[in-house]
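Here are the chains, one letter per residue:
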Amino acid sequence: MGRRVVVTGIGLICAVGNTTEEVWRNLLAGKSGVGRITQFDASQFACQIAAEVKNFDPLQFIEKKEVKKMGRFIHLALAATDDAMKASGLQVTPEISTRVGVHIGSGIGGFDVIEREHNNLLNGGPRKISPFFIPAAIVNLAAGHVSIRYNAKGPNEATCTACTSSAHSVGDAYKIIARCDADVMIAGGTEAAITPMGVGGFAAMRALSTRNDAPEKASRPWDSARDGFVIGEGAGILILEELEFAQRRGAKIVAEVVGYGMSGDAHHITQPAENGDGAYRVMRNTLADAKLQPQQVGYINAHGTSTDLGDKLETIAIKRAFGDHAHKVAVSSTKSMTGHLLGGAGGLEAGITALALRDQMVPPTINLENPDPECDLDYVPNHARKAELEYAMSNSFGFGGTNGALLFRRWE
């Protein structure tokens, strides 16, 4: 039995808000963050919509001369970490710095930087490539910058496992503390891939919704009219602490992390395994890690991307993993409002799941108007719901068949 790990701070930034409490308030209100793309001219693209972070000024968090040395994904990670650290009240003193680590994932990293510097190469030759190109773009530099800013000298890692990246980061950070390799971990994920290549690449796969005339209706998990996911951006950061460490400093505890599971589909590069096998096993593994029975879980923040096959197979997987309890557990997809943050999704949704336990409220799945007959669980359609929750799960599944799930317990 490892050491107990708790959440003491949450930092969220996405299309529905630039602070944790704004995000949470708008999710409970069922507000969509999806709109027409403003970050580039998307008029020639099949998909012209995204869930962009709005009115974000990196200069609020980063010195002007440093901003250009970082991709947008790093800007968002620093903003979310600032929010999380303030909420936790944690001060990283020299005495504890070697026991404070960072684990922040991203699926794509600095796509915006890669595209910008490639244009510089084509238009001006190799001398026009910025010396800051590589450190502005590579995935682990979000964790690197957070580590430097907060003098966190413990484990410093980044996970790049597609759309499961930050679920794995939070889970791995939880295990690092549980096995005594750190007392505190700043963990989560970040993504900023709303770029011509990012949108164009997913559109070429026909993975994105093309409901360009009604953006706020485009992300509609489990609805019979769904036509693909909506790309989103943002970051979700959790401050994880060993329980006694948090209690000694009088921290306000939001929730406890009690389980983490992983699995691989070993099936296809983009399609989930038949019968939702990988998703089924990751949920069972997570329940086993937490030593819980399915009926003890009251809420699942689903992967729920609004793709035809993904939504059906996650539904099947939940039925297999939870048995008779599957129809009694509340299941919602906050991606219906935030869009899909790709590698940042797991961090954002882990934070949302912890907040659901804190406030005993389940956020809704919006745009669920005509449920797919094959998707017949309680998806909390269109309106948030008060609920008595003791345990809640967050699911993440990624290309390459990589899966992660997290289990949280209410803190009383």
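The structure this text deals with has already been given above.
Here's a quick rundown of the structure. (Residues numbered from 1 in each chain as written. Predicted model: local features only at pLDDT ≥ 70, side-chain atom pairs only at ≥ 80, totals over all residues. Heavy atoms only, no water.)

Some words on the overall build of the protein
Worth spelling out the cut-off: Numbering of helices and strands runs from the N terminus, with a helix taken as a DSSP run of H or I at least four residues long and a strand as a DSSP run of E at least two residues long. Values of the radius of gyration come from C-alpha atoms, whereas the globule rule sets the reference at 2.2 Å times the count of residues to the power 0.38. Each residue is assigned to one of three classes by its accessible area relative to the maximum for its type, calculated with a 1.4 Å probe on protein chains only: buried under 20%, partly exposed between the two thresholds, exposed over 50%. Note on contacts: a residue pair qualifies if any of its non-hydrogen atoms lie within 4.5 Å across the two residues. Within this scheme the basic residues Lys and Arg register as positive and the acidic residues Asp and Glu register as negative, but His and the chain ends are omitted. Taken as the charge location is NZ of Lys, CZ of Arg, CG of Asp or CD of Glu.
The number of helices and strands found in the protein is 13 helices and 14 strands. Relative to the compact-globule value of 22 Å for 412 residues, the protein shows a C-alpha radius of gyration of 20 Å, a close match. Principal axes of the C-alpha set define a box for the protein whose edges measure 65 × 55 × 40 Å. Relative to its full complement of 412 residues, the protein shows a buried share of 61%. A separation threshold of at least 6 residues defines the contact pool for the protein, and within that pool the share at least 24 residues apart is 78%. Computed over 41 positive and 45 negative side-chain charges, the inter-centroid distance for the protein is 3 Å.

Looking at the layout of surface pockets
Applied cut-off: Here a cavity denotes a set of grid points, spaced 1 Å apart and computed over the protein atoms alone, in which a 1.4 Å probe fits but from which it cannot get out, and a pocket denotes an open set meeting protein on both sides within 12 Å along at least five of seven lines; residues with an atom within 4 Å of a point are reported as lining. Grid points are joined across faces, edges and corners, and a volume is the space filled by probe spheres set on the points. Just so you know the grouping, Ala, Val, Leu, Ile, Met, Phe, Trp, Tyr, Cys and Pro go in nonpolar, Asp, Glu, Lys and Arg go in charged, and all remaining residues, Gly too, go in polar.
Of the pockets and cavities examined, the largest pocket occupies roughly 660 Å³. Thr270, Pro272, Thr307, Gly310 and Phe399 are, among the 36 residues lining the largest pocket, the residues nearest its centre. At the level of elements, helix H10 (277-290), helix H11 (308-322) and strand E13 (391-398) are the ones that each hand at least two residues to the lining of the largest pocket. When residues of the lining of the largest pocket are assigned to their parent elements, the largest contribution, six residues, is made by H11. Split by residue class, the lining of the largest pocket holds 13 nonpolar, 16 polar and seven charged.

Points about the environment of Ile316
Within the secondary structure layout, Ile316 lies in helix H11. Placed 61 residues apart in sequence, Ile316 and Leu377 show a C-alpha to C-alpha distance of 9.7 Å.

Here we look at the nonpolar core
As a reminder of what qualifies: Nonpolar cores are built from buried Ala, Val, Leu, Ile, Met, Phe, Trp, Tyr and Cys residues. Side-chain atoms within 4.5 Å join them into one set.
Within the largest apolar cluster, 46 residues are counted, with the highest numbers of intra-cluster contacts made by Val7, Ile10, Leu238, Leu240 and Phe408. Among the elements that make up this core, the one with the highest residue count is helix H13 (residues 345-359) (eight residues). Those residues in contact with Val7 that sit more than four places away from it in its chain are Leu238, Ile239, Leu240, Lys252, Ile253, Val254, Ala255, Val257 and Phe408. Counting 34 residues, the second-largest nonpolar core is a separate cluster that includes Ala84, Ala152, Ala192 and Ala235.

Regarding the pairing of strand E7 (residues 234-242)
Filter applied, for reference: Two strands qualify as a pair provided that DSSP identifies no fewer than 2 bridges between them.
A large share of E7 lies buried, amounting to nine of its nine residues. Across the two faces of E7 the burial is the same, with Gly234, Gly236, Leu238, Leu240 and Glu242 and Ala235, Ile237, Ile239 and Glu241 all buried. Here strand E1 (residues 5-13) pairs with E7 via eight bridges, running antiparallel. The residue bridging Val6 from the neighbouring strand is Glu241, located in E7. Note that strand E6 (residues 184-191) and E7 share eight bridges and pair antiparallel. Each residue of the ladder has a partner; that of Val184, found in E7, is Glu241.

What to know about the pairing of E1
Walk down a regular strand and you will see the side chains alternate between the two sheet faces. Of all nine residues in E1, nine are buried, a share of seventy percent or more. Note: E1 against strand E8 (residues 255-264), three bridges, orientation antiparallel. Along E8, the bridge assignment pairs Val6 with Glu256.

A few points about H10
Put simply, the rule reads: The length a helix should cover is 1.5 Å for every residue beyond the first.
Its 14 residues give H10 an end-to-end C-alpha distance of 20 Å, which sits within 8% of 20 Å, the value for a rise of 1.5 Å per residue. Turning to H10, its buried residues number three or more, namely Gly278, Ala279, Val282, Met283, Thr286, Leu287 and Ala290. One or two steps after H10, the chain reaches Lys291, where phi turns positive at roughly 55°.

Examining the packing of aromatic side chains
Stated precisely, the cut-off is as follows: In summary, the pairing rule links any two rings of Phe, Tyr or Trp, Trp by its six-membered ring, whose centres are within 6.5 Å, and it sorts them by plane angle into stacked for under 30 degrees, edge-to-face for over 60 and tilted for everything else. We call a charge positioned over a ring when the NZ of a Lys or the CZ of an Arg lies within 6 Å of the ring centre and within 35 degrees of the ring normal.
Enumeration according to the criterion identifies five aromatic pairs in this entry. Taking 6.0 Å as the distance between ring centres and 20° as the angle between the ring planes, the aromatic pair formed by Phe56 and Phe61 counts as stacked. Phe56 sits in the buried class, given a relative accessible area of 13%. Every member of this aromatic cluster is reached through a ring pair, and the members are Phe202, Phe229 and Phe399. Looking at Arg320, its charged tip hangs above the ring of Tyr280, at a distance of 4.1 Å from the centre.

Notes on the packing of helix H3 (residues 72-88) against helix H6 (residues 141-150)
Our working definition: Axis definition: a line fitted to C-alpha atoms, limited for helices to the stretch in contact. Angles are taken between N-to-C directions and run from 0 to 180 degrees. Here the angle decides the label: under 35 degrees means roughly parallel, over 145 means roughly antiparallel, 65 to 115 means roughly perpendicular, and every other value means oblique. The handedness criterion is simple: a crossing whose near helix is rotated anticlockwise from the far helix by less than a right angle is left-handed, and one whose near helix is rotated clockwise is right-handed.
For the pair H3 and H6, the least separation of the axes is 9 Å and the interaxial angle reads 45°. Looking at the two axes, H3 sits oblique to H6. Here H3 runs over H6; the crossing is right-handed. Side by side, H3 and H6 meet where Phe73, Ile74, Ala77, Leu78, Thr81, Asp82 and Met85 of the first sit next to Leu141, Ala142, His145, Val146, Arg149 and Tyr150 of the second. Among the residues forming the contact of H3 with H6, the class breakdown is nine nonpolar, two polar and two charged.

What to know about the sheet that holds E8
Note: strands within a sheet are paired through backbone hydrogen bonds, in either parallel or antiparallel orientation. As summarised here, the arrangement of the ten strands in space is E5-E4-E6-E7-E1-E8-E14-E13-E9-E10, forming an open sheet in which the pairing is mixed. The open sheet terminates on both sides in strands that have one partner only, identified here as strand E5 (156-157) and strand E10 (330-332). For strand E4 (residues 100-105) and E5, the ladder comprises two bridges, and the chain directions are parallel. Of the residues in E5, the one forming a bridge with Val102 is Asn156. Docked against the sheet, H6 engages E4, E5 and E6, running at close to 155° with respect to E4. The strands that helix H7 (residues 165-178) touches are E1, E4, E5, E6, E7, E8, E13 and strand E14 (402-410); relative to E6, the one it contacts most, it runs at about 175°.

Here we look at the pattern of salt bridges
For the record, the criterion: The salt bridge criterion pairs a side-chain nitrogen of Lys or Arg with a carboxyl oxygen of Asp or Glu, the two atoms within 4 Å.
Tallied over the entire structure, the rule returns 29 salt bridges. Note that Lys217 is salt-bridged to Glu369, the shortest N-O span being 3.1 Å. On the criterion of sequence distance, the pair formed by Lys217 in the loop between helix H8 (196-204) and E7 and Glu369 in the loop between strand E11 (361-362) and strand E12 (385-386) is long-range, its members being 152 residues apart. Residue Glu369 is classed as partly exposed on the basis of its relative accessible area of 44%. One connected set of salt bridges, linked through shared partners, spans Arg226, Asp308, Asp311, Lys312, Asp372 and Glu374.

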